[in-house]
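Next come the chains, spelled out residue by residue.
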Amino acid sequence: MKFSQLAIGQHFAWQGQTWVKSTPLQADPVEGGKRRLVPRSATVEPLEAESAADTLPACPSQIPLERLEQAMDAFGRELSDIGSGLDAEASAQALRQLQKAFARLRHRLDLDR
């Protein structure tokens, strides 16, 4: 099986180690250590989860609107803190771009009422 075919959270064997897929392009060693970039085409051996705790919960098919709005508002506040290490002009420009992107996202999700 190719690495790209694994689900995030799935355990697999590769290069003599047991790994867990953490992102579409990265994996963490189960025994601890540094996260690695894994080629999408790498041949891996999927492993069965050892317990229910080793598998990620399924994503909900729907998120309650109130919860989504709260999460979006929190995300917006976090975006405001991103430019704190930049000079004033670069920070202001980055913040304006992030705010525009955030506004477009809210509009696409029909959260602008």
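These notes cover the structure that comes with them. (Residues numbered from 1 in each chain as written. Predicted model: local features only at pLDDT ≥ 70, side-chain atom pairs only at ≥ 80, totals over all residues. Heavy atoms only, no water.)

**A short note on unusual backbone geometry**
The backbone of Q15 sits at a positive phi, close to 50°, despite the residue not being glycine. Here Q15 is to be found in the loop between β1 (11-14) and β2 (17-21). (Helix = DSSP H or I, 4+ residues; strand = E, 2+ residues; numbered from the N terminus.)

**Thoughts on the nonpolar core**
Counting nine residues, the largest nonpolar core is built from F3, L6, F12, W14, W19, A27, V38, A42 and V44. Apart from residues no more than four positions distant in its own chain, V44 is found in contact with M1, K2, F3, L6, F12, A13 and W14. (Core = buried A, V, L, I, M, F, W, Y, C linked by side-chain atoms within 4.5 Å. Buried < 20%, exposed > 50% of the residue type's maximum accessible area, 1.4 Å probe, protein only. Contact = heavy atoms within 4.5 Å.)

**Focus on helix α2 (residues 88-108)**
In this model α2 runs 30 Å from its N-terminal to its C-terminal C-alpha over 21 residues, within 8% of the 30 Å that 1.5 Å per residue would give. Every buried residue of α2 is listed here: S91, F102 and R106. One face of α2 carries all of its buried residues, which in axial projection span an arc of 40°. Pointing more than 90 degrees away from the buried face of α2 are the exposed residues E89, Q97, K100, H107 and R108. A distance of 3.1 Å separates the backbone nitrogen of E89 from a side-chain oxygen at the start of α2, and that oxygen is part of D87. Positioned one or two residues after α2, D110 has a phi angle of 60°, which is positive. (Expected span 1.5 Å × (residues − 1). Arc of directions from axis to C-beta. Polar contact = N/O pair within 3.5 Å; in protein donor to acceptor, adjacent residues only side chain to side chain.)

**Focus on the sheet that holds strand β5 (residues 45-46)**
Ordered by their spatial adjacency, five strands build an open sheet running β4-β3-β2-β1-β5, and the pairing between neighbours is antiparallel. Each end of this open sheet is capped by a strand with a single partner; those strands are β4 (36-37) and β5. The pairing of β1 with β2 spans four bridges and is antiparallel. Pairing of W14 across the sheet is with Q17, part of β2. (Pairing = 2+ DSSP bridges.)

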